Amino acid sequence: NYKKILITVLWIIALSGLMASLAFVSKKETKIVAKQLEINVNQTGENDFVDEDDIKRYFEERNDVILNAELKNIDINSLEKALNAHPAIENADLSVSVNGDVKIDVLQRTPLVRVITMSGESYYIDSQSKLMPLSDKFTARVLVVNGHIYEPFIRRNMYSVKEISKNEIFSEVSMLDDIYEMATYITNDSILNPLIQQLSINAEREFEMYPSVGGHKIIFGEAKDIAEKFQKLKLFYNEGLNKTDNWNKYAIVNLKYKNQVVCTKK
């Protein structure tokens, strides 16, 4: 019995010591201040909407104090949430080390296509199918689409294009899902990407496009059978125009019809 009592007492002493040590460490950590702020932004050279100075300025405008502030007073979750709400940021991660270093990793959004509505309003759709406002700092060199587009940014920016396409009401009138699908296909194709620079939507809600060479208009039709139509176009260019040197011969190249390309001469 004495042995059991002795073991119990030793355990109590050990646990008390451990708790006291943890309390001391915890108390010490609450007094640690943020000594260094490291901000890493993925700079691709193509889409540089924000940099380190922009992030610091963003925090200053929100009156967020990080450097020289005690770690216990820095709300990491709140700062991370604020950064992720920034219109040019796709994702931001914040972390704090025990020695007071604050690290921020920022992934910028990647615009896929620039939309210009009938009213003249302009915005991007990014690679994640989300609407993105233009930037005063940087203009992305991406595919442009204009024409009969009536969807304002303010009424659509809370939804992704994929969400819009699944909404019974929006999908009936929206062209954004078709624009996103067309832009994704063109951008990911090594031949089409440098060739097609502008899309237009006519009154019949059909796509037309203007290649960078040839001086002709391509009538694509609805955003259906996209791969098949573009394959016809590439075959026509490779077999029809390249071999006869007739790039400037046609005014219109029509892809709407099944298994054929219909051309109108200038």
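Residues numbered from 1 in each chain as written. Predicted model: local features only at pLDDT ≥ 70, side-chain atom pairs only at ≥ 80, totals over all residues. Heavy atoms only, no water.

Engineer: Before we go on, may I ask you to explain unusual backbone geometry in this structure?
Structural biologist: Peptide bonds are mostly trans, and most non-glycine residues show a negative phi. Positioned with a positive phi, Arg-205 is a non-glycine residue whose angle comes to about 65 degrees. With respect to the helices and strands, Arg-205 occurs in the loop between strand E8 (196-201) and strand E9 (207-211). Residue Asn-259 is not a glycine yet carries a positive backbone phi of 60 degrees. By secondary structure assignment, the location of Asn-259 is in the loop between strand E11 (250-254) and strand E12 (262-265). (Helix = DSSP H or I, 4+ residues; strand = E, 2+ residues; numbered from the N terminus.)

Engineer: Even after reading the chapter, I still don't get the nonpolar core, so can you show me in this structure?
Structural biologist: Nonpolar side chains tend to gather and get buried jointly when the protein is soluble and globular. Formed by 38 residues in total, the largest nonpolar core has its most connected members in Ile-125, Ile-179, Met-182, Ile-196, Leu-199, Phe-207 and Phe-230. For this core, the leading source of residues is helix H7 (residues 176-187), giving six residues. Counting 29 residues, the second largest nonpolar core, distinct from the first, contains Ile-32, Ile-39, Val-41 and Ala-92. (Core = buried A, V, L, I, M, F, W, Y, C linked by side-chain atoms within 4.5 Å. Buried < 20%, exposed > 50% of the residue type's maximum accessible area, 1.4 Å probe, protein only.)

Engineer: Sorry if this is basic, but what is going on with the sheet that holds E9 here?
Structural biologist: Within a sheet, adjacent strands bond to each other through the backbone by hydrogen bonds, running parallel or antiparallel. Spatially, nine strands are ordered E6-E5-E4-E7-E8-E9-E10-E11-E12 in an open sheet, and the strand pairing comes out mixed. In the strand order of this sheet, the two ends are held by strand E6 (131-132) and E12, each with one partner. The sheet contact formed by E11 and E12 spans four bridges and is antiparallel. Opposite Ile-252, over in E12, you have Thr-264 as the bridge partner. Each of strand E4 (111-116), strand E5 (122-126), E6, strand E7 (143-147), E8, E9 and strand E10 (217-221) touches H7; the most contacted strand, E4, lies at about 135 degrees to it. (Pairing = 2+ DSSP bridges. Contact = heavy atoms within 4.5 Å. Axes fitted to C-alpha atoms, helices over the stretch in contact; angles between N-to-C directions.)

Engineer: Got a minute to help me understand the environment of Glu-163 in this structure?
Structural biologist: On the secondary structure map, Glu-163 appears in helix H5 (residues 161-166). Sequence separation of Glu-163 and Ser-129 is 34 residues, and the distance between their C-alpha atoms is 9.0 Å. Separated by 2.9 Å, the side chain of Glu-163 and the backbone nitrogen of Ser-160 make a polar contact. (Polar contact = N/O pair within 3.5 Å; in protein donor to acceptor, adjacent residues only side chain to side chain.)

Engineer: Looking at this structure, how should I read the packing of aromatic side chains?
Structural biologist: Two numbers describe a pair of aromatic rings. These are the distance of the centres and the angle of the planes. In this structure the tally under the stated criterion is eight aromatic pairs. Measuring from ring centre to ring centre gives 6.4 Å for Tyr-58 and Phe-59, while their planes differ by 45 degrees; the resulting arrangement is tilted. Through a chain of ring-to-ring contacts, the aromatic side chains of Phe-49, Tyr-124 and Phe-138 assemble into a single cluster. (Phe/Tyr/Trp six-rings, centres within 6.5 Å; stacked < 30°, edge-to-face > 60°.)

Engineer: Please clarify how the environment of Asn-254 should be interpreted in this entry.
Structural biologist: Tracing the backbone through its elements, the reader meets Asn-254 in strand E11. Distance in space between the C-alpha atoms of Asn-254 and Lys-217 is 8.3 Å, their sequence separation being 37 residues. When residues no more than four places from it in sequence are discounted, the contact partners of Asn-254 are Ile-219, Gln-260, Val-261 and Val-262.

Engineer: Please clarify how the sheet that holds strand E2 (residues 89-96) should be interpreted in this entry.
Structural biologist: A sheet is described by the order of its strands in space; here three strands give the open sequence E1-E3-E2, paired in mixed fashion. If you trace the sheet from one side to the other, it starts and ends with strand E1 (36-41) and E2, each paired once. Going across the sheet, the axis of each strand differs from the next one's by a mean of 15 degrees, ignoring polarity. Here E1 runs beside strand E3 (residues 101-108); their pairing, made up of six bridges, is parallel.

Engineer: Would you mind showing me how to read H7 here?
Structural biologist: Two residues of an α-helix separated by three or four positions point the same way, owing to the 3.6 residues in each turn. Taking 1.5 Å of rise per residue, 12 residues should cover 16 Å, and H7 covers 16 Å from first to last C-alpha, within 8% of that figure. For H7, every residue scored as buried is listed here: Leu-176, Asp-177, Asp-178, Ile-179, Tyr-180, Met-182, Ala-183 and Ile-186. (Expected span 1.5 Å × (residues − 1).)

Engineer: It is not clear to me how the pattern of salt bridges should be interpreted in this structure. Could you clarify?
Structural biologist: Any two side chains of opposite charge can pair, so long as their charged atoms come close to each other. One pass over the structure, following the stated rule, counts 12 salt bridges. One salt bridge connects Lys-224 with Glu-222, and the closest N-O pair in it is separated by 3.1 Å. Relative accessible area serves as the criterion here: at 38%, Glu-222 is assigned to the partly exposed category. What you see here is one network of salt bridges that share partners, running through Asp-51, Asp-54, Arg-57 and Lys-137. (Salt bridge = Lys/Arg side-chain N within 4 Å of Asp/Glu carboxyl O.)

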